[in-house]
Amino acid sequence: MRQAVVEEGKALILITDPEEAIINGKFEPARLKVFYNPLMEFNRDLSIIAIQAYIDLYAPHRPVKILEPLSATGIRGIRYALELENVDEVIINDLNTLSLILMNRNVQLNRVERKVKIFNKDASSLMHYLHRERPTPISIIDLDPYGSPAPFADAALSLLGHKGLLAVTATDLAVLGGSKKWKALKRYWVKLADVPQKKEVAVRVLLGYLARIAAAHDKVIKPLLSYYADHYIRIYVLVERNASKAAKLLDENLGYMVYCRWSGKAFLAPEPSSCDTTGDKGVFLGPLWIGDFVDIEFIEYMIRLFQNKFSYLNTSKRIRKFLKLLIEEASLQKNVYQYVPAIASKVADRLPKLSELLECLNGKGFRASRTHFDPMGIRTSAPHSELALCIQKSIRRENNEG
Ligand SMILES: C[S@@+](CC[C@H](N)C(=O)[O-])C[C@H]1O[C@@H](n2cnc3c(N)ncnc32)[C@H](O)[C@@H]1O
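Residues numbered from 1 in each chain as written. Predicted model: local features only at pLDDT ≥ 70, side-chain atom pairs only at ≥ 80, totals over all residues.

1. Description of the sheet that holds strand β17 (residues 374-380)
Put simply, the rule reads: Paired strands are those between which DSSP finds at least two bridges. Working definition: helices are DSSP H or I runs of at least four residues, strands are E runs of at least two. Numbering for both runs from the N terminus.
An order of β15-β17-β16 is seen for the three strands of this open sheet, with the pairing classed as antiparallel. Among the strands making up the open sheet, the edge pair consists of β15 (338-339) and β16 (368-371). The sheet contact formed by β16 and β17 spans four bridges and is antiparallel. Paired with Ala 368 across the two strands is Thr 380, which belongs to β17.

Next up, the structure:
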């Protein structure tokens, strides 16, 4: 097997011949004999900071075992072994036999044989095995599939112990975001519609799905970090055993997003509700997670960790910008973001500058921020009527200045 070596974080990783994955001059990671996507470096870098934050805050005096059941080259798990503090063991696994060969070589190349164990099983079978046949306390499970994490969620949530961390990547955004609504109903048990806020819908659908599976195991989830980037969403939830609160928390955190087709207004509600009294037509999406999707203290800790320990990461410029925006919008996360073009098309003849719009809302005493989900979205505490007035005012001001 022809190979190449890549360097990422503190790891050197052998990958299969990259030439084989060049299709019409474009690199297609899924065409490699063993999957490796250089574009996911940001995802893996951010994982290093998020998992270290979890270990420091939630597992400081406990032995920490990390399981990465869909490892491909092993890059993620090997980086965890090399770059994280206070990790006792990392288990990497992949069903692909070529992947097994690469994982072994990569573990040797990085000299982490004592910390990293390798399996070559079906991911769910491995999780059941570690749960029932050879009970192994696992603190962190990182599910990084190609597509949907749904097939692996039940085994992961039953294996994970009290105060464990579940990290999940999902790339099936057409399903989670509502473009393929029948698949969303089958896969995630939600009724969706086509709305502009697809990426936030995707995060809230996946959180709602994980919360329901956790509850079936008498467990509850607390989102620490959820985000959208490039072509995927990524979620980190703290999982706690709590039989008495599981139903109550599900009841409080599951609800609906309402999108009003005439006005462009969007909001979250515990039950499907109507838009207003003027007959504006609303569509309901859900049941989905209406609670917080990030924990502000967790993100603040990540920012400090990043500055103190992880500024060597290759994607550090992007991480700095990203965490800054995330913390800005976090205080308004109870309000789903408003898609400015949808509202502007009803009340104005063109788009306002977002900076002017934010200034207008702040000037009126409302809180407002941009969102990482969409460069044309804003979160605000202002009612819809005030937002519409500010859109008109911002455009008038630009006209006068122009
Ligand atoms: C997206 S790749 C993982 C990428 C890797 N985590 C990284 O950061 O580079 C998904 C991997 O899951 C493996 N896989 C798919 N279904 C599996 C299953 N049921 N059990 C174990 N591995 C599986 C595939 O062979 C593939 O290598």
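Next comes the rest of the account.
2. A look at the site of the ligand
We apply this condition: Throughout this description, a residue near a molecule or strand is one whose C-beta atom, derived from the backbone, lies within 6 Å of it. Gly is put with the polar residues, along with every residue not named as nonpolar or charged; the nonpolar set is Ala, Val, Leu, Ile, Met, Phe, Trp, Tyr, Cys and Pro, and the charged set is Asp, Glu, Lys and Arg.
Around the ligand, the surrounding shell holds 19 residues, and the nearest of these are Leu 70, Ala 72, Leu 95, Ala 123 and Asp 144. Among the residues making up the shell around the ligand, the classes are represented as ten nonpolar, four polar and five charged.

3. As for helix α5 (residues 150-159)
As a reminder, the rule being used: Counts of 20 or more other C-beta atoms within 10 Å of a residue's own C-beta define buried residues, counts of 12 or fewer define exposed ones, and intermediate counts define partly exposed ones; C-beta atoms are placed from the backbone.
The element α5 is largely enclosed, with a buried count of seven among its ten residues. Among the residues of α5, Ala 150, Phe 152, Ala 153, Ala 155, Ala 156, Leu 157 and Leu 159 are the ones counted as buried.

4. So, unusual backbone geometry
Cis geometry marks the peptide bond from Gly 286 to Pro 287; its omega dihedral reads 0°. Relative to the elements of secondary structure, Pro 287 occurs in strand β14 (residues 282-289). Even without being a glycine, Arg 111 presents a positive backbone phi close to 55°. Along the chain, Arg 111 falls in the loop between α3 (97-109) and β7 (116-119). Even without glycine at this site, Asp 218 takes up a positive phi of about 60°. Along the polypeptide, Asp 218 turns up in the loop between α8 (198-216) and β10 (219-229). Looking at Asp 218, the number of C-beta atoms within 10 Å reads 13, which means it is partly exposed.

5. Looking at the pairing of β7
The test is simple: Convention used here: a crossover is right-handed provided that the path from the first strand, over the helix, to the second strand proceeds clockwise when the strands point away from the viewer.
Bridge analysis of strand β6 (residues 89-93) against β7 gives four bridges, and the strand direction is parallel. Bridge pairing in β7 places Ile 91 opposite Lys 117. Taken together, β6, α3 and β7 form a β-α-β motif whose crossover is right-handed.

6. Digging into the sheet that holds β7
This is how it is decided: Note on geometry: axes are lines fitted to C-alpha atoms, helical ones only across the stretch in contact, with angles between N-to-C directions running from 0 to 180 degrees. A pair of residues counts as a contact when their C-beta atoms, built from backbone coordinates, are within 7 Å of each other.
A sheet is described by the order of its strands in space; here seven strands give the open sequence β7-β6-β5-β8-β9-β11-β10, paired in mixed fashion. Every interior strand has two partners, whereas the edge strands, β7 and β10, have only one. Strand-to-strand, the axes of this sheet are offset by a mean angle of 15°, without reference to chain direction. In terms of strand pairing, strand β9 (residues 164-170) meets strand β11 (residues 232-241) through seven bridges, oriented antiparallel. Bridging across to β11, Ala 167 finds its partner in Tyr 236. This element, helix α1 (residues 41-58), spans β8 (140-143), β9, β10 and β11 of the sheet and lies at about 150° to β10.

7. Notes on the nonpolar core
Put simply, the test is: What we call a nonpolar core is a set of buried Ala, Val, Leu, Ile, Met, Phe, Trp, Tyr and Cys residues whose membership is set by joining through C-beta atoms within 7 Å. As annotated, the domain borders come from an automatic or database domain assignment.
In this structure, Ala 156, Leu 166, Val 205, Leu 206 and Met 257 are the most contacted members of the largest nonpolar core, which totals 126 residues. Looking at this core element by element, the count peaks at eleven residues for α8. Looking at which domains feed residues into this core, each of domain 1 (3-289) and domain 2 (337-402) gives three or more. Setting aside residues up to four positions removed in sequence, Val 205 forms contacts with Leu 176, Ala 184, Tyr 188, Val 190 and Leu 288.

8. Things to note about the domain arrangement of the protein
Looking at the protein, the domain boundaries give domain 1 (3-289) and domain 2 (337-402). A C-alpha centroid distance of 34 Å is found between domain 1 and domain 2. Counting from both sides, the interface comprises ten residues of domain 1 and, opposite them, ten residues of domain 2. Residue assignment for the side of domain 1 that touches domain 2 shows that the elements contributing at least two residues are α8 and β10. Partitioned by chemical class, the residues of the side of domain 1 that touches domain 2 number four nonpolar, three polar and three charged.

9. Thoughts on the environment of Pro 69
Checked against the element boundaries, Pro 69 lands in the loop between β5 (65-68) and α2 (75-83). A residue is classified by how many C-beta atoms lie within 10 Å of it, and Pro 69, with 28 of them, is buried. For the pair Pro 69 and Gln 392, spaced 323 residues apart in sequence, the C-alpha to C-alpha distance is 52 Å. Filtering out sequence-adjacent residues up to four positions away, Pro 69 remains in contact with Asn 93, Ala 123, Leu 126, Met 127, Leu 143 and Phe 152.

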